[in-house]
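Overview (structure and organization)
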Amino acid sequence: MNVTEAELVAWGRRVGREVRPPVFIGLRGPLGAGKSVLARAVAEGAGVCEYMPSPTFNLVFRYEVGGDESGGHSAVIHADLYRLRSPEELAGIGWDDVAGDEEAIVLVEWPERAGRHLPQERWEVHLRCAGGGGGRREIEVKPFGGPPPLPGFPARAR
Ligand SMILES: Nc1ncnc2c1ncn2[C@@H]1O[C@H](COP(=O)(O)OP(=O)(O)OP(=O)(O)O)[C@@H](O)[C@H]1O
Ligand SMILES: [Mg+2]
């Protein structure tokens, strides 16, 4: 599947609105592929309205999201493991609490840096430049284990 930035953002917002935490979503793809664009769209859909800086030095940011009508509570975690030198460094950033957060939508860029420390139940979204101009991206969305359902592609850009 091949998407424009507007289509990717529209889908991301829908994911943020509709997915039931806890859910872990790994965002894969080269530098500039659109992982942060997608992470911000999901967070926005989930109700995060503050500015989301790149988690480049501070590898993890957690955003509280107001309780829903059923009194539930949730959060969005945005992590970027690009600067992780080895999976052993995960302990230092509180990885078990990140990957095991029971109430959060967890969005992790460069998840492959975590090696075998990735949760068994997760989604992996792979973004690649599609070529041909116009800023399109090839997107692949794959479940591992039995993660909660995500709204399907394509979403209409609004
Ligand atoms: N179809 C598209 N989807 C997503 N981003 C696009 C698309 N077309 C162009 N872009 C642009 O590509 C850039 C993607 O940047 P982004 O910071 O999301 O990359 P990233 O994958 O997070 O990179 P990094 O690994 O450095 O964190 C943005 O400037 C965005 O405007
Ligand atoms: Mg990024």
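Below is a summary of the structure that appears in this document. The model shown is predicted, which means the values in this text are computed figures rather than measured ones. (Residues numbered from 1 in each chain as written. Chains lettered and ligands numbered in written order. Predicted model: local features only at pLDDT ≥ 70, side-chain atom pairs only at ≥ 80, totals over all residues. Heavy atoms only, no water.)

Considering the site of ligand 1
Operational definition: Put simply, a residue is near a molecule or strand once any heavy atom of it comes within 4 Å of that molecule or strand. N or O atoms within 3.5 Å of each other form a polar contact, as long as, within protein, one can give a hydrogen and the other can take it, and as long as residues adjacent in sequence are counted only when both atoms are side-chain atoms. A run of H or I in DSSP becomes a helix once it reaches four residues, and a run of E becomes a strand once it reaches two; helices and strands are each numbered from the N terminus. The classification used treats Ala, Val, Leu, Ile, Met, Phe, Trp, Tyr, Cys and Pro as nonpolar, Asp, Glu, Lys and Arg as charged, and all other residues, Gly among them, as polar.
Around ligand 1, a shell composed of 17 residues is seen, among which Glu5, Gly32, Lys35, Ser36 and Gly135 lie nearest. Backbone polar atom of Ser36 to an oxygen atom of ligand 1: 2.8 Å apart, as the coordinates give it. The separation between an oxygen atom of ligand 1 and a polar side-chain atom of Trp110 is 3.1 Å. Breaking the shell around ligand 1 down by element, the ones donating at least two residues are α1 (5-18) and α2 (35-46). Of the residues forming the shell around ligand 1, the biggest block, three residues, is contributed by α2. For the shell around ligand 1, the per-class residue count stands at seven nonpolar, five polar and five charged.

Comments concerning the nonpolar core
We apply this condition: Here, nonpolar core means buried Ala, Val, Leu, Ile, Met, Phe, Trp, Tyr and Cys residues that are tied together by side-chain atoms lying within 4.5 Å of each other. Each residue gets one of three labels from its accessible area relative to the maximum for its type: buried under 20%, exposed over 50%, partly exposed in between, using a 1.4 Å probe on protein chains only. Contacts are assigned to residue pairs with any non-hydrogen atoms lying within 4.5 Å of each other.
Grouped together as the largest cluster of nonpolar side chains are 27 residues, with contacts concentrated most on Ile25, Val76, Ile105, Leu107 and Val125. Elements supplying a minimum of two residues to this core: α1, β2 (23-28), α2, β3 (60-65), β5 (104-109) and β6 (122-129). Element by element, the count of residues in this core is highest for α2, at five residues. If near-sequence neighbours (up to four positions away) are discounted, Ile105 is found in contact with Gly16, Val19, Pro21, Val23, Val42, Ala46, Ala75, Val76 and Ile77. The next biggest cluster of nonpolar side chains, apart from the first, holds 16 residues, and it includes Leu59, Leu81, Trp95 and Val106.

Regarding empty space enclosed by the protein
We count it as follows: Method remark: on a 1 Å grid restricted to protein atoms, a set of points is classed as a cavity if a 1.4 Å probe fits but cannot get out and as a pocket if it is open with protein on both sides within 12 Å along at least five of seven lines; lining residues have an atom within 4 Å of a point. Grid points are joined across faces, edges and corners, and a volume is the space filled by probe spheres set on the points.
The final tally for this structure, using the stated rule, is one cavity of 30 Å³ or more. Lining the largest cavity we find Trp11, Val15, Ile25, Leu27, Leu38, Val42, Leu107, Val125 and Leu150. Counting residues per element, the ones that place at least two in the lining of the largest cavity are α1, β2 and α2. Partitioning the lining of the largest cavity into residue classes produces nine nonpolar, no polar and no charged.

Side note on the coordination of the magnesium ion (ligand 2)
This is how the line gets drawn: Here the coordinating atoms are restricted to nitrogen, oxygen and sulfur within 2.8 Å of the metal centre, or 3.2 Å for Na, K and Ca, and because water is not among them the sites may look incomplete.
Within the protein, the atoms that donate to the magnesium ion (ligand 2) are Ser36 (OG) and Glu109 (OE), at distances of 2.1 Å. Of this pair, Ser36 sits in helix α2 while Glu109 sits in strand β5, and the two are 73 residues apart along the sequence. Given the relative accessible area of 17%, Ser36 is considered buried.

Some remarks on α2
Which entries qualify depends on this criterion: The span you would expect from a helix comes to 1.5 Å times its residue count less one.
With 12 residues, α2 should reach 16 Å at 1.5 Å per residue; the first-to-last C-alpha distance of 17 Å fits that figure. The element α2 is largely enclosed, with a buried count of nine among its 12 residues. Burial in α2 covers these residues: Lys35, Ser36, Leu38, Ala39, Ala41, Val42, Ala43, Gly45 and Ala46. Where α2 is buried, its residues meet α1, β2, β3, β4 (74-80), β5 and β6. Positive phi shows up at Gly47, right after α2, with a value of about 110°.

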